[in-house]
Structures are given as structure tokens and as C-alpha cells.
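# Geometric and topological summary
Now for the letters of each chain:
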Amino acid sequence: MCNRWHLPLVKGSFLALIVSVSGASFVLNSQQAAAQQQAKSTFPDVPQNYWARPFIKSLAEKDIVTGYPNGMFKPKQNVDRDEFAAMIRQAFDKAKIRNIPSGSSFKDVPQGNWAAPPVQEAYETGFMKDFPGNEFHPQQPMTKTQALVALMKGLDLNYDRPVAASQAAARVAPTNQRRKATRNRLVFPLASTVLMQPLLPVISTKQQQQPKAAKTVPATTTKSPVATSKISALEFLKSYYKDADLIPKNAVDAVAAATQANIVVNYPDARVLNPNELLSRGSATALIHQALVNQKQIEPLSDKEAVKYIPKTPRP
């Protein structure tokens, strides 16, 4: 005979079992998700001490950059224009500002090509340019400077010329000249002085009562207006980089804007830009990371080792 008073106990045990299983399942799923996230941002060819690892890890965790099917990231591999377009598309969500001149595709990036969508978007949002003949040159390797120019155009960031103040020589100009007191001398004919003898003490007394000469006011120093001038982009860059003269002239303003925005990342020396070196995947990831920080889309890195490659102040 069944004892109904045991039913609540059975039900309670059953519910406890369900909760326990559900909890274990939740923990297991969380651990699996964490393991997958870790695997997604960890690459065998990006060692712990690789300079760009913090930048790569940060963007890989957010699915902004990915590795290859074999699990490698290839951080030292050069970036072509089509690959940079794909990285831009994944990182930024910008409004369309123009159309491809021919309509929907470039002659050298036909519809159906894997790069067609990112190339189209990178062009139409203003990040990347086209070439004569409705071409994009997708397989052309990019330089570091070209990447910075593309980012500045797409994000609409411009060089803000700081003011250089040169103190002109101070000019001293007394505002008040020394005032000389003049006495009202009474001139009389010599013959009349005898007749006026009784009056002389009175005249003398009045002369003594004349107002005192005004006090001399100290000269004041006035400075001429401060001469101001705008620092050119090249002058600004020379204060940051030892090799600023190597920057192509048509990219000087864009590189200066990127420097002001803390987007430039230079390895191994923060003060050497190497503007014409080919862009590697590691370097491209670092630049895009900093551009996202500038746009307040992600938090800046706290890794001191990585941050030291970002030139934030003029060199000593």
C-alpha cells in the first residue's frame, strides 16, 4: 500500500535532481563556450610574447579578425587590398556615401568573387579608393601609410593643426612721463622791489603754498601681442617620428591625423614609423584595434607592453 505522505519527498528529490542536472549542464555549457572563445582567440603561430598578440586576441574575441581554416593567423603575412577591405567591413559599420562608378562591381572584382561584398562596402563607405578603368586592384599589397590613409578617410578624421606660440620681445614703454613742477615766478622791475618790500613775505608764503608736483608714476611694461602660427603636419610628425621625411607628401596630413588620434602603432620602435613598409596582418590588426578605440567601440588595451608601441606624445 502506497503511503501518500511520501509523495512530496519524492517530488522534492526529483526536482532537486533536475536542478542539479540543469546546473551541471549550465556550467558545462559555460565552460565549453569559454573554451571555444579561448580557442578562437588563440593561434599556434601567435606566441605569448609576440608584440601584436594583445591586439589580435582582443579583436579575435570579438570576431573582428579570424584565422585561417588550419587554425593559423599568419601575423607576418602581407595584407592585400581585398583582405584589408574585408577587415574594415568586419570592424566598422559606416553609412554608404557613394556608389561604385560602374554600378555594382569593379572590373577586377567580379560578382561571385569572395571579396566582392567587402570591396564594395569598403569603397562605398569611403574607406578605400578605386583606380582608373573601374578597377580596385584587389591583389595589390598595402603599405602601412596606405592603411592609415584609408582609415582616416573612412572615419573622417582630419589633422587639427595645433598653435605654436612664439613670444615676441617685450617692449617697455612708460605710460606716464615724469612731470616737472613749474613754479609761477613773479617778475617785477628792480625799482618796484623797494616799494613792494612789505609784500614780499606774503608773496613768499603764497609761493610755498603752491601745489606739490605730481608723483612720478612708475613706467609699466607692455608686451607685444603673442605671435601665433599653425604647426604644419610635417613639423608635427617630425616631433614624433625619426623618419617623418619618408612619409609620402600626399599622406602627410592623414598620418598626422592618425597620430593625433592615437591610431598609429609602431614596432619595434614607437618613434620609427616605417611608412612605406608592407602592411602585415599583425600590424593591420593593431591599427584597426586603435581605430576602434578612437571610435569608442572597444576599450583600450591595459597591456603595458603593447601600449608602449603607441606614440602618444612628442619624442624627447
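Treat the numbers as computed from the prediction; the structure is a model and nothing was measured.

Thresholds applied
- Residues numbered from 1 in each chain as written.
- Predicted model: local features only at pLDDT ≥ 70, side-chain atom pairs only at ≥ 80, totals over all residues.
- Heavy atoms only, no water.
- Helix = DSSP H or I, 4+ residues; strand = E, 2+ residues; numbered from the N terminus.
- Buried < 20%, exposed > 50% of the residue type's maximum accessible area, 1.4 Å probe, protein only.
- Contact = heavy atoms within 4.5 Å.
- Areas by Shrake-Rupley, 256 points an atom, 1.4 Å probe, with all protein chains shown as cover.
- Salt bridge = Lys/Arg side-chain N within 4 Å of Asp/Glu carboxyl O.
- pLDDT = per-residue confidence, 0-100.
- Axes fitted to C-alpha atoms, helices over the stretch in contact; angles between N-to-C directions.
- Parallel < 35°, antiparallel > 145°, perpendicular 65-115°, else oblique.
- Left-handed = near helix turned anticlockwise from the far one by under 90°.
- Nonpolar A, V, L, I, M, F, W, Y, C, P; charged D, E, K, R; others polar.
- Phe/Tyr/Trp six-rings, centres within 6.5 Å; stacked < 30°, edge-to-face > 60°.
- Lys NZ or Arg CZ within 6 Å of the ring centre and 35° of its normal.

Within the protein, the regular secondary structure consists of eleven helices and four strands. Per-residue burial for the protein yields a buried fraction of 34% across its 316 residues. Of the contacts formed within the protein by residues at least 6 apart in sequence, a portion of 78% connects residues at least 24 apart. Looking at the protein as shown, the accessible area adds up to about 20,100 Å², and 56% of this sits on carbon and sulfur atoms.

If you walk through the whole model with that rule in mind, you get eight salt bridges. Among the ionic pairs, Glu135 bridges to Lys107, the shortest N-O distance being 3.9 Å. Here Glu135, found in the loop between α4 (116–124) and α5 (144–155), pairs with Lys107, found in the loop between α3 (81–91) and α4; they are 28 residues apart in sequence, far enough to count as distant. Classification of Glu135 as partly exposed rests on a relative accessible area of 24%. A salt bridge links Glu305 to Lys308, with the shortest nitrogen-to-oxygen separation between them at 2.8 Å. Residue Glu305 is classed as partly exposed on the basis of its relative accessible area, which comes to 46%.

Turning to unusual backbone geometry, a few remarks are in order. For residues that are not glycine, phi is negative in most cases, and the peptide bond is trans in most cases. Cis geometry is adopted by the peptide bond preceding Pro268, which originates at Tyr267 and carries an omega value of 10°. Among the structural elements, Pro268 can be located in the loop between α9 (252–260) and α10 (281–294). With a phi angle near 60°, Asp63 is a residue other than glycine that sits in the positive phi range. Residue position: Asp63 is located in the loop between α2 (53–61) and α3. A positive phi is found at Asn274, a non-glycine position, where the angle reads about 50°. Relative to the assigned elements, Asn274 resides in the loop between α9 and α10.

Before going further, it helps to examine the confidence of the model for the protein. Averaged over the protein, the pLDDT score is 81; the fraction of residues at 70 or greater is 67%. Here residues 167–204 is modelled with pLDDT under 50, and outside its nearest four sequence neighbours on either side it reaches 27 contacts, counting other chains as well.

A pair of packed helices is characterised by two quantities: the angle between their axes and the separation of those axes. The N-to-C vectors of α3 and α10 enclose an angle of 30°; their axes lie 11 Å apart at closest approach. Judged by the angle between their axes, α3 and α10 are roughly parallel. As α3 runs across α10, the sense of the crossing is right-handed. Only Arg281, Ala284, Thr285, Ile288 and Leu292 of α10 make contact with α3, whose side of the interface consists of Glu83, Phe84, Met87 and Ala91. Looking at the contact of α3 with α10 residue by residue, the class counts come to six nonpolar, one polar and two charged.

The subject of this paragraph is α2. With seven of nine residues buried, α2 is to be regarded as a mostly interior element. Listed as buried for α2 are Arg53, Pro54, Phe55, Ile56, Ser58, Leu59 and Ala60. Positive phi appears at Asp63, one or two residues downstream of α2, with a value of about 60°.

What follows is about the packing of aromatic side chains. What characterises a pair of aromatic rings is the spacing of the ring centres plus the angle enclosed by the ring planes. This structure, assessed with the given rule, holds twelve aromatic pairs. Here the aromatic rings of Phe43 and Phe73 are separated by 5.1 Å at their centres, their planes lie at 45°, and the arrangement is tilted. In this pair, Phe43 sits in the loop between α1 (7–40) and α2 while Phe73 sits in the loop between α2 and α3, placing the two residues 30 residues apart along the sequence. Under the relative-accessibility criterion, Phe43 is labelled buried at 7%. Residue classification places Phe73 among the buried residues on the basis of a relative accessible area of 1%. Three or more aromatic residues link up through ring pairs in this structure, and these residues are Tyr50, Trp51, Phe55, Tyr267 and Tyr309. Geometry around Tyr123 places Arg98 over its ring, the cationic atom sitting 4.0 Å from the centre.

By the secondary structure assignment, Thr285 is in helix α10. Every residue in contact with Thr285, bar those within four places of it in the chain, is listed here: Phe55, Ile56, Leu59, Val65, Phe73 and Met87.

Tracing the chain through its elements places Phe92 in the loop between α3 and α4. The spacing of Phe92 and Gln297 is 205 residues in sequence and 9.1 Å in space, taken between C-alpha atoms. Sequence-distant contacts of Phe92, defined by excluding residues within four places in its chain, comprise Glu121, Phe127, Leu151, Leu155, Ile288, Ala291, Leu292 and Gln297.

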